Amino acid sequence: MSKHEFGLMPCLPEKGKRYDAYTPEKYVLIAVEDDDLNEAIAQQECLCRIPCYWHTTDHLEHGLAYYGVTLIPPQSAELFCTALDGLPRMEKLCALFAEAARKECYIIHFGI
């Protein structure tokens, strides 16, 4: 089954750098099944409107780069956490978003 992976970035993303490669060895990742994430998005449409960066901090978009890499700033991590709170199978992901907001860290998302 397809999955998305999310992890805290130990450092701020570098301005102008592209994060296109799948580099799981650099992060402690939480895997979320694609079906579970789709269900969460269907229940909380606001997830598609949260500001995020796709592949680089020079490319501001909304929602996750579903098939690519998303850089989620701390302010958006807080919005994701609020939207995911209480949804089935999203507890670990919600905790990761809460930690990112608290520590003011970015989250990297590797899409399917």
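The structure reproduced in this document is the subject of the present report.

Calculation notes
- Residues numbered from 1 in each chain as written.
- Predicted model: local features only at pLDDT ≥ 70, side-chain atom pairs only at ≥ 80, totals over all residues.
- Heavy atoms only, no water.
- Helix = DSSP H or I, 4+ residues; strand = E, 2+ residues; numbered from the N terminus.
- Polar contact = N/O pair within 3.5 Å; in protein donor to acceptor, adjacent residues only side chain to side chain.
- Contact = heavy atoms within 4.5 Å.
- Buried < 20%, exposed > 50% of the residue type's maximum accessible area, 1.4 Å probe, protein only.
- Pairing = 2+ DSSP bridges.
- Axes fitted to C-alpha atoms, helices over the stretch in contact; angles between N-to-C directions.

### Side note on the side chain of H109
Positionally, H109 belongs in strand β6 (residues 107–110). Polar side-chain contacts of H109 include one of 2.9 Å to the side chain of H4. Ignoring sequence-local partners within four residues, the contact set of H109 consists of H4, E5, F6, L64, A65, G68, V69, T70 and I72.

### Quick word on the pairing of β6
Side-chain alternation along β6 places I107 and H109 on one buried face and I108 and F110 on a second face that is also buried. The sheet contact formed by strand β1 (residues 3–8) and β6 spans four bridges and is antiparallel. By the bridge assignment for β6, L8 is matched with I107.

### Focus on the sheet that holds β1
If you trace the six strands from one edge of the open sheet to the other, you get β2-β1-β6-β5-β3-β4, paired in antiparallel fashion. Edge strands, defined here as strands with exactly one partner in the open sheet, are β2 (29–33) and β4 (60–62). Between one strand axis and the next, the sheet turns by 30 degrees as a mean value, whatever way the strands run. Where β1 and β2 come together, five bridges link them in antiparallel fashion. The residue bridging F6 from the neighbouring strand is I30, located in β2.

### Topic: the pairing of strand β5 (residues 69–72)
Both faces of β5 are covered, namely the face carrying V69 and L71 and the face carrying T70 and I72. Sheet analysis places strand β3 (residues 51–54) next to β5, joined by two bridges and oriented antiparallel. Looking at β5, one finds that W54 is bridged to T70. Of the pairings in the sheet, the one linking β5 to β6 comprises four bridges and is antiparallel in character. Pairing of T70 across the sheet is with H109, part of β6.

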